[in-house]
Amino acid sequence: MNEDASSDGKADADPTDEEVVRTAAEAAEGVVFKRYDQSAVTDLDVTITFEDGVLDVDVYLNAPDGPDDPDPEAVAEAATEAAGDAVDELFEE
């Protein structure tokens, strides 16, 4: 007997809101901690909402801003974009 992957109904199902939020948050945090040591980040607040198919991502980052450090605003923006990209990929699966 050969079963199609979609026969259980899960293959075509959209991710849950919880999965979307978790995926976005993990992607955003991943970008921040690729660019900074965790101990260097004074404050990181990643707020994700997903309601009625609309993703809202807000990243607040307080990290070193020395001449050899990445620009915190640019890192926060990259983290926001990564969150959106990760959710786009989640829906493409």
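Everything here concerns the structure above.
Counting from 1, residues in each chain are numbered in the order their sequence is written. Totals for whole chains, interfaces and linings use all residues, but because this is a predicted model, local features are given only for residues with pLDDT of at least 70 and pairs of side-chain atoms are given and counted only at 80 or more. Water and hydrogen atoms play no part in the side-chain values, which are based on all heavy atoms of the structure.

Undergrad: Any chance you could explain the packing of aromatic side chains here in plain terms?
TA: Each pair of aromatic rings is reported with the distance of its centres and the angle of its planes. Note on ring pairs: Phe, Tyr and Trp rings are taken, using the six-membered ring of Trp, and paired if centres are within 6.5 Å. Classes follow the plane angle, with under 30 degrees stacked, over 60 edge-to-face and the rest tilted. Under the defined criterion, the tally for this structure stands at 1 aromatic pair. Centre to centre, the rings of Phe-50 and Phe-91 are 6.0 Å apart; their planes meet at 40°, and the pair counts as tilted. Pair noted here: Phe-50 is in strand S1 (residues 43–51) and Phe-91 is in helix H2 (residues 72–92), with a separation of 41 residues, a long-range link. The cut-offs for exposure are 20% and 50% of the maximum accessible area for each residue type, with area from a 1.4 Å probe on protein chains only; residues under the lower value are buried, those over the upper are exposed, and the others partly exposed. Overall, Phe-50 belongs to the buried group, its relative accessible area being 11%. Its relative accessible area of 36% is what places Phe-91 among the partly exposed residues. Helix and strand definitions here come from DSSP, where helices need a minimum of 4 consecutive H or I residues and strands a minimum of 2 consecutive E residues; each element is numbered from the N-terminal end.

Undergrad: Can you help me understand the environment of Leu-90 in this one?
TA: Relative to the helices and strands, Leu-90 resides in helix H2. Judged by its relative accessible area of 17%, Leu-90 falls in the buried class. Along the primary structure Leu-90 and Pro-15 are separated by 75 residues, whereas in three dimensions their C-alpha atoms are 7.3 Å apart. Every residue in contact with Leu-90, bar those within four places of it in the chain, is listed here: Pro-15, Glu-19, Val-20 and Thr-23. Note on definitions: a residue-residue contact is assigned when non-hydrogen atoms from the two residues lie within 4.5 Å.

Just distances and angles here, no functional claims.
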